[in-house]
Amino acid sequence: MKDTSLDFYEGLADTYHLIFKDWYEAVQWQGDFFNRFIRSLHEVEHEDPIHLLDASCGIGTQALGIAQHNFTVTATDLSPKSIERAKQEADKLGVHVHFGVADFRSLEQDIPGQFDVVLSADNAIPHLLSDEDLREASRNLYAKLRSNGLLVLSIRDYDEILQNRQRATLPRVMDEGKRIVFQVWDWAEAGHHYITNQFIVQEIDGAWKTQVNSTSYRALLRSELSTKLEEAGFTDFMWHMPSESGFYQPILTARKS
């Protein structure tokens, strides 16, 4: 299955906020959540500021909120258009973030320095479709952490999803019925790969308009991800499930030994 993630996020850069009922509210919520979550696990001697790399920042959904909580934030994404949008949003919100374009698999060469925390939220890691891509990304994530640094990853609950190979998400109706957002998932006949088709349907000036963007994912089991990270040198694995954390996806934390 082809790696389509760059085209997907380039195509969504201008409209990604429409996936949310209120994107700015989501930014604030994500910042509040990850501030509490990370500080509850943070173990370096100096408490503030915490130096964090968001390695899949998109238009800034996590990075912009986290930057409001006394973190020094570097935020990267493989999509240049998403980074440009994130810079504009940072200016609007009056927050300072160091932005850059980088792939998971080339962080070590593309991004200088090391960090207390490396974050990738909202199911970005499963864009890595092969074991080799996942190994390479794991090595690069490890390289960007300081000793005893904290890795924080969130993915969909594929252990649950693969039990019935979910075909679509429920439509979310917003703006008094004028905006509808949903996904349709096309599964490969064999293996754990699928294509997400992201629909944003809007009534604009009395006419309905539909935007569809598609990308490939690997339905990554928790054990598969943990194993690849362990091969890279990570230790102290812990899965934080939504019922425990309050986040909408399972979160994996691990440390650099």
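Note that the structure is a prediction, hence the values are computed from the model and not measured. (Residues numbered from 1 in each chain as written. Predicted model: local features only at pLDDT ≥ 70, side-chain atom pairs only at ≥ 80, totals over all residues. Heavy atoms only, no water.)

Undergrad: For this particular structure, what's the right way to read the overall build of the protein chain?
TA: Scanning the protein chain for helices and strands turns up nine helices and 11 strands. Here the protein chain has a C-alpha radius of gyration of 18 Å; the compact-globule value for 257 residues is 18 Å, and the two agree. Projected onto its principal axes, the C-alpha coordinates of the protein chain cover approximately 60 × 45 × 35 Å. Counting all 257 residues of the protein chain, 52% fall into the buried class. In the protein chain, 66% of the contacts between residues at least 6 apart in sequence involve partners at least 24 apart. Carbon and sulfur atoms make up 49% of the accessible area of the protein chain, which totals about 11,600 Å². A gap of 2 Å separates the mean positions of the 25 positive and 39 negative side-chain charges of the protein chain. (Helix = DSSP H or I, 4+ residues; strand = E, 2+ residues; numbered from the N terminus. Rg over C-alpha atoms; globule rule 2.2 N^0.38 Å. Buried < 20%, exposed > 50% of the residue type's maximum accessible area, 1.4 Å probe, protein only. Contact = heavy atoms within 4.5 Å. Areas by Shrake-Rupley, 256 points an atom, 1.4 Å probe, with all protein chains shown as cover. Lys, Arg positive; Asp, Glu negative; His and termini not counted. Charge placed at Lys NZ, Arg CZ, Asp CG, Glu CD.)

Undergrad: What am I meant to see in the sheet that holds strand E2 (residues 71-77) here?
TA: The strands that make up a sheet are held in pairs by hydrogen bonds between backbone atoms, and each pair lies either parallel or antiparallel. Read from one edge of the open sheet, seven strands run E3-E2-E1-E4-E5-E11-E10, paired in mixed fashion. Across the chains shown, the open sheet's two edge strands, defined by having one partner strand only, are strand E3 (98-101) and strand E10 (234-240). Neighbouring strand axes in the sheet, compared pairwise and without regard to direction, differ in orientation by 20° on average. With four bridges joining them, E2 and E3 adopt parallel strand pairing. Among the inter-strand pairings, Thr 74 is bridged to a residue of E3, identified as His 98. (Pairing = 2+ DSSP bridges. Axes fitted to C-alpha atoms, helices over the stretch in contact; angles between N-to-C directions.)

Undergrad: Help me out: how do you make sense of the pattern of salt bridges in this one?
TA: A side chain with one charge may pair with a side chain of the opposite charge, provided their charged atoms come close. Within this structure, the stated rule accounts for 19 salt bridges. For the salt bridge of Glu 89 with Lys 92, the shortest nitrogen-to-oxygen distance reads 3.7 Å. With Glu 89 and Lys 92 both in helix H4 (residues 80-93) and three residues apart, the pair spans about one turn of that helix. For Glu 89, a relative accessible area of 1% translates into the label buried. Among the ionic pairs, Asp 116 bridges to Arg 146, the shortest N-O distance being 3.0 Å. Remark: Arg 146 occurs in strand E5 (residues 145-154) and Asp 116 occurs in strand E4 (residues 115-120); sequence separation between them is 30 residues. By relative accessible area, which is 29% here, Arg 146 ends up partly exposed. Residues joined in a network through salt bridges with shared partners are Glu 132, Arg 135, Glu 136, Arg 139 and Glu 231. (Salt bridge = Lys/Arg side-chain N within 4 Å of Asp/Glu carboxyl O.)

Undergrad: Help me understand the environment of Leu 141, please; the structure alone is not making it clear to me.
TA: Residue placement: Leu 141 occurs in helix H6 (residues 131-143). Looking at Leu 141, the relative accessible area reads 1%, which means it is buried. Remark: the alpha-carbon pair of Leu 141 and Ile 59, spanning 82 residues in sequence, is separated by 20 Å.

Undergrad: What is the right way to read the packing of H6 against helix H8 (residues 222-232) from this model?
TA: Helices that pack against each other are described as a pair by the angle of their axes relative to one another and the distance between those axes. It is at 8 Å that the axes of H6 and H8 come closest, and there the two elements cross at 50°. One element, H6, and the other, H8, form an angle in the oblique class. For the pair H6 and H8, the sense of crossing is right-handed. Only Leu 225, Lys 228, Leu 229, Glu 231 and Ala 232 of H8 make contact with H6, whose side of the interface consists of Asp 131, Leu 134, Arg 135, Ser 138, Arg 139 and Tyr 142. (Parallel < 35°, antiparallel > 145°, perpendicular 65-115°, else oblique. Left-handed = near helix turned anticlockwise from the far one by under 90°.)

Undergrad: For this particular structure, what's the right way to read the nonpolar core?
TA: Within soluble globular proteins, side chains that are nonpolar tend to cluster in buried spots. Formed by 76 residues in total, the largest nonpolar core has its most connected members in Ile 38 and Ile 125. Among residues more than four places away in sequence, those in contact with Ile 125 are Phe 104, Ser 120, Leu 134, Leu 141, Leu 153, Ile 155, Leu 220 and Leu 225. (Core = buried A, V, L, I, M, F, W, Y, C linked by side-chain atoms within 4.5 Å.)

Undergrad: It is not clear to me how unusual backbone geometry should be interpreted in this structure. Could you clarify?
TA: Generally, phi is negative for residues other than glycine and the peptide bonds are trans, each holding for most cases. In this model, Asn 123 sits at a positive phi of 70°, which is unusual for a non-glycine residue. For Asn 123, a relative accessible area of 1% puts it in the buried group. Although it is not a glycine, Glu 176 adopts a positive phi angle of roughly 55°. Mapped onto the elements, Glu 176 comes out in the loop between strand E6 (172-174) and strand E7 (179-187).

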